[in-house]
Amino acid sequence: MRCISTVIIGAGQAGLAMSKCLSDRSVTHVVLERGEIAQSWVKDRWNSLRLLTPNWQSRLPGFSYRGPDPDGFMNMPQITDYLRDYAHVIAAPVEEHTTVSSVTPDGNSYLVCTSRGDWICDNVVVASGACAQPRLPQIANTVPTSIAQLSLATYKSPNQVAQGGVLVVGASASGVQIAAELSTAGHSVTLAVGEHIRAPRHYRGRDIQWWLDRTGVLDAAIKDVDDIARARRVPSFQLMGDAGLDAIDLNTLQAMGVAITGRLVGIRHGKAQFSGSLANHCAMSDLKIGRLLEHFDDWAMRVNLPDLQVPRRLPPTCFPSSPHLTADLNNGAFRTIVWATGYSPDFSWLKLPVFDQKDTLIHDQGVVAPGLYVLGLPFMRRRKSALIDGVGGDTQALADHLVANRRKRAA
């Protein structure tokens, strides 16, 4: 049994950033990681994935990108190296290959049980991330056994996908990227489309992330939105980490030969059923990006931004006038389903009464309970909380809270 002030669970960007902030405040701590540093980037992403944010936006406390390509986009080996370099520079006390099996109360402290021994600590920081496991709908259990199923954690490349039709479910960033990759590899791809937000890679000569950063959109705080629960569910932009590709929206995919249909709502007797809301989802997506670009234009005018290109908007989204509402999954048309339906955190080892009726972790801007904190969740404190560039501000705030709380207990 070892005693320490603080245990951080997870050695991704959030856990390492908190380690840096606690070191700056002379708080003794350890970082426990189930695998290697940056484990989720190493093991749980597909091979061709790149960050959606430019390299200059990979900013962490006391560390930033200093390579030769600030406007490029890191691939998985590069982001892994980046985070490992960060851990080395800040001398993070990481214990790798240490799986946490439970966190339970122990008087006024916490007992953290792991595969390599137990810890008693005053504070626990949960930094295991929002993308610990793929989120699969219940209907995945009703897919005929003749069809292979892949998730965002198990899909790696087109080479593992059998010849024949592929149904990709989900049209946010992951879904459109995987659909494009599979189509380029020669597969017949159908994309089931629900709520989504299209976006150009560049607007008026600057990357879309530059606009989001400079106009303050990413810095929006909880108090700035009317419905935080809704804001936390907003899908990611349809983007790809490729400066040479201006858009990867539904128009781009259809030009590549990808068929689109409505959201997959059920499977009955081997037949997939799709929503008739495709037209509405496309119209709402066009409306949302139009409003965002207008916001950029207004800001650029107010600050008299120089060297602006002429504004060019994406054309309206095209869609079939009569999209398929059903598909027979038993006739061989589809051999594989890829569930690009997002991720969810895994807090199954957190044995504390800190969840609501839907098993969602309850927190107030990252503060869960006395001495218990969480990091890296969507819109935790600000819109960018789940981004590499967003964890820094959150860790600074929570580290200050942790220190103040420790002083209060000691008084």
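Model, not experiment: these values are computed from the prediction.

*Asks:* Explain the packing of aromatic side chains to me, please; I cannot follow it from the model alone.
*Replies:* Each aromatic ring pair is described using two quantities: the centre-to-centre distance and the angle formed by the ring planes. Evaluated as defined, the whole model comprises eight aromatic pairs. Measuring from ring centre to ring centre gives 5.1 Å for Phe-63 and Tyr-86, while their planes differ by 35°; the resulting arrangement is tilted. Remark: Tyr-86 occurs in helix H3 (residues 76–89) and Phe-63 occurs in strand S4 (residues 63–64); sequence separation between them is 23 residues. With a relative accessible area of 0%, Tyr-86 lands in the buried category. Connected via pairs of aromatic rings, a cluster forms that spans Tyr-203, Trp-210, Trp-211, Phe-296 and Trp-299. Seen from the ring of Trp-41, Arg-45 lies directly overhead, with NZ or CZ sitting 5.5 Å from the centre. Against the face of Trp-210 rests Arg-206, its NZ or CZ located 4.7 Å from the ring centre.

*Asks:* Which parts of the structure should I look at to understand unusual backbone geometry?
*Replies:* Even without being glycine, Ala-38 reaches a positive phi, approximately 65°. Its place among the elements puts Ala-38 in the loop between strand S2 (29–32) and helix H2 (39–43). By relative accessible area, Ala-38 is classed as buried at 1%. Phi at His-97 takes a positive value of approximately 55°, unusual for a residue other than glycine. Within the fold, His-97 resides in the loop between strand S5 (94–95) and strand S6 (100–106).

Conventions used here
Residues numbered from 1 in each chain as written. Predicted model: local features only at pLDDT ≥ 70, side-chain atom pairs only at ≥ 80, totals over all residues. Heavy atoms only, no water. Phe/Tyr/Trp six-rings, centres within 6.5 Å; stacked < 30°, edge-to-face > 60°. Helix = DSSP H or I, 4+ residues; strand = E, 2+ residues; numbered from the N terminus. Buried < 20%, exposed > 50% of the residue type's maximum accessible area, 1.4 Å probe, protein only. Lys NZ or Arg CZ within 6 Å of the ring centre and 35° of its normal.

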